[in-house]
Amino acid sequence: MTKPQLLIDTDPGVDDALAILMAHAHANVAALTVAAGNVGLAHTVRNACRLVDVVKSATPVFPGCATPLVRMPEEDAAFVHGKDGFGDVGYPGPVTRPRDEHAALALLRLTRERPGELTLVALGPLTNLALALRLDPTLPERVKRLVIMGGAVTGHGNTGRVPAEFNIGFDPEAAQVVFESFGMFDLVDWEATVRHAFDDTLLDAWLAAGDARAELFGKIFQVARAFNARHERRGFIAADALAMAVALDPAIITRAETRHVAIELDGRLTRGATVVDWQRRLGHAPNARIVLDVDSERFGAMIARALGA
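Residues numbered from 1 in each chain as written. Predicted model: local features only at pLDDT ≥ 70, side-chain atom pairs only at ≥ 80, totals over all residues. Heavy atoms only, no water.

Undergrad: Explanation requested: the pattern of salt bridges in the structure shown.
TA: Think of it this way: side chains of opposite charge can pair up when their charged atoms draw near. Applying the stated criterion to the full structure yields 15 salt bridges. Across the pair Arg112 and Asp136 runs a salt bridge whose closest N-O atoms are separated by 3.0 Å. Taken as a pair, Arg112 in helix 4 (residues 103–113) and Asp136 in the loop between helix 5 (127–135) and strand 5 (145–149) lie far apart in primary sequence, 24 residues in all. Owing to a relative accessible area of 9%, Asp136 belongs among the buried residues under this scheme. Asp293 is the partner of Arg255 in a salt bridge, and the nearest nitrogen-oxygen pair spans 2.6 Å. Taken together, the residues Arg255 in strand 7 (residues 253–259) and Asp293 in strand 10 (residues 288–294) connect sequence positions 38 residues apart. (Salt bridge = Lys/Arg side-chain N within 4 Å of Asp/Glu carboxyl O. Helix = DSSP H or I, 4+ residues; strand = E, 2+ residues; numbered from the N terminus. Buried < 20%, exposed > 50% of the residue type's maximum accessible area, 1.4 Å probe, protein only.)

Right under this line is the structure:
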């Protein structure tokens, strides 16, 4: 069976790390393009390079945007992921070095070199992708599929603004550019990832049975795990990993709805919210296949393999 060909835009981040491990276990990865988001750009680039070291890959890493397109962010996610994004474990610097080419330019170049071949998986704020679209609006014509981890389609967000999810809320203008530019994409939102949380004992079993990848993930996940426990987030919520599973194997989806989704930019309480036209009242063409349920057993097997279990 031919492996999927992926291009991953990311902001590692603990859950990004698991998704990137999954990608290298199940697919060919053309590149990691990196933005700020969970933590600052210096940390996210460093973490991406360390993951390339761990999987013993030659995947190139391209640094991208250090800030959102328009407004400075109100918060990052260091309180969840640790100040360095990897649980403040204190790992030494990676061997892999980032490339000089900007992430937005790399996105354009790679899709021009391989038109129609690459599935683009967006795991963080959409700043790099929005900038690439402003430079070349024909980009969607060259992307095989776009899978986005972001949003909260019924308003149960995970930021200081109740309806907003972190990736979209970090750079709403960028999200709106992307949502308006692609005719159709797969959206894996925060609420879907909460519904597909795994029991903690299952995660512990995977970590115990795994290899160096499991050792890395087990260490960097401790800060996030403690945060989840304090905030009554039950089980192991593998947000970016769920989006990666959808990118790797679309057949894993068992329930989805196709609707038009837009981004709220101006609301005092709702900036960054994903607004879904559930009743098709506005007359806009659908632009998103909203993933509601997946085969959890197959999803878990993909995580286990990525950890070497």
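Don't stop here, the text continues.
Undergrad: Help me understand the packing of helix 1 (residues 14–26) against helix 12 (residues 239–248), please; the structure alone is not making it clear to me.
TA: Interaxial distance between helix 1 and helix 12 falls to 7 Å at its minimum, and their mutual angle equals 25 degrees. When the axes of helix 1 and helix 12 are compared, the pair comes out roughly parallel. Crossing hand, helix 1 versus helix 12: right-handed. Along its contact with helix 1, which presents Asp15, Asp16, Leu18, Ala19, Met22, Ala23 and His26, the element helix 12 presents Ala239, Asp240, Ala241, Met244, Ala245 and Leu248. Along the lines of polarity and charge, the residues of the contact of helix 1 with helix 12 split into nine nonpolar, one polar and three charged. (Axes fitted to C-alpha atoms, helices over the stretch in contact; angles between N-to-C directions. Parallel < 35°, antiparallel > 145°, perpendicular 65-115°, else oblique. Left-handed = near helix turned anticlockwise from the far one by under 90°. Contact = heavy atoms within 4.5 Å. Nonpolar A, V, L, I, M, F, W, Y, C, P; charged D, E, K, R; others polar.)

Undergrad: Sorry, what's going on with the sheet that holds strand 3 (residues 61–63) here?
TA: Hydrogen bonds along the backbone pair up the strands of a sheet, which may run parallel or antiparallel. Here we have eight strands laid out as an open sheet, ordered 3-2-1-4-5-6-10-7, and mixed in their pairing. With one partner strand each, in any of the chains shown, strand 3 and strand 7 form the two edges of the open sheet. Recorded for the sheet is a direction-independent mean angle of 25 degrees between the axes of neighbouring strands. Sheet analysis places strand 1 (residues 5–10) next to strand 2 (residues 28–34), joined by six bridges and oriented parallel. Bridged to Asp9 within strand 2 is Thr33. Here helix 12 sits on the sheet in contact with strand 1, strand 4 (119–122), strand 5, strand 6 (185–188), strand 7 and strand 10, set at roughly 165 degrees to strand 5. (Pairing = 2+ DSSP bridges.)

Undergrad: Mind showing me how you'd approach the packing of helix 1 against helix 13 (residues 296–306) here?
TA: Angle between the axes and distance between the axes: these two values describe a pair of packed helices. It is at 8 Å that the axes of helix 1 and helix 13 come closest, and there the two elements cross at 85 degrees. Here helix 1 lies roughly perpendicular to helix 13, going by the angle between them. Where helix 1 approaches helix 13, its residues Leu18, Leu21, Met22, Ala25 and His26 are matched on the opposing element by Phe299, Met302, Ile303, Arg305 and Ala306. Grouping the amino acids of the contact of helix 1 with helix 13 by side-chain chemistry returns eight nonpolar, one polar and one charged.

Undergrad: Help me out: how do you make sense of the nonpolar core in this one?
TA: Nonpolar side chains tend to gather and get buried jointly when the protein is soluble and globular. Ranked by size, the top nonpolar core spans 66 residues in total, and within it Met22, Phe217, Phe236, Met244, Phe299 and Ile303 carry the most contacts. Among residues more than four places away in sequence, those in contact with Met244 are Leu6, Ile8, Ala19, Met22, Ala23, Val121 and Leu123. In terms of nonpolar packing, the next biggest core, distinct from the first, is built from 38 residues, Ala30, Ala106, Leu129 and Val178 among them. (Core = buried A, V, L, I, M, F, W, Y, C linked by side-chain atoms within 4.5 Å.)

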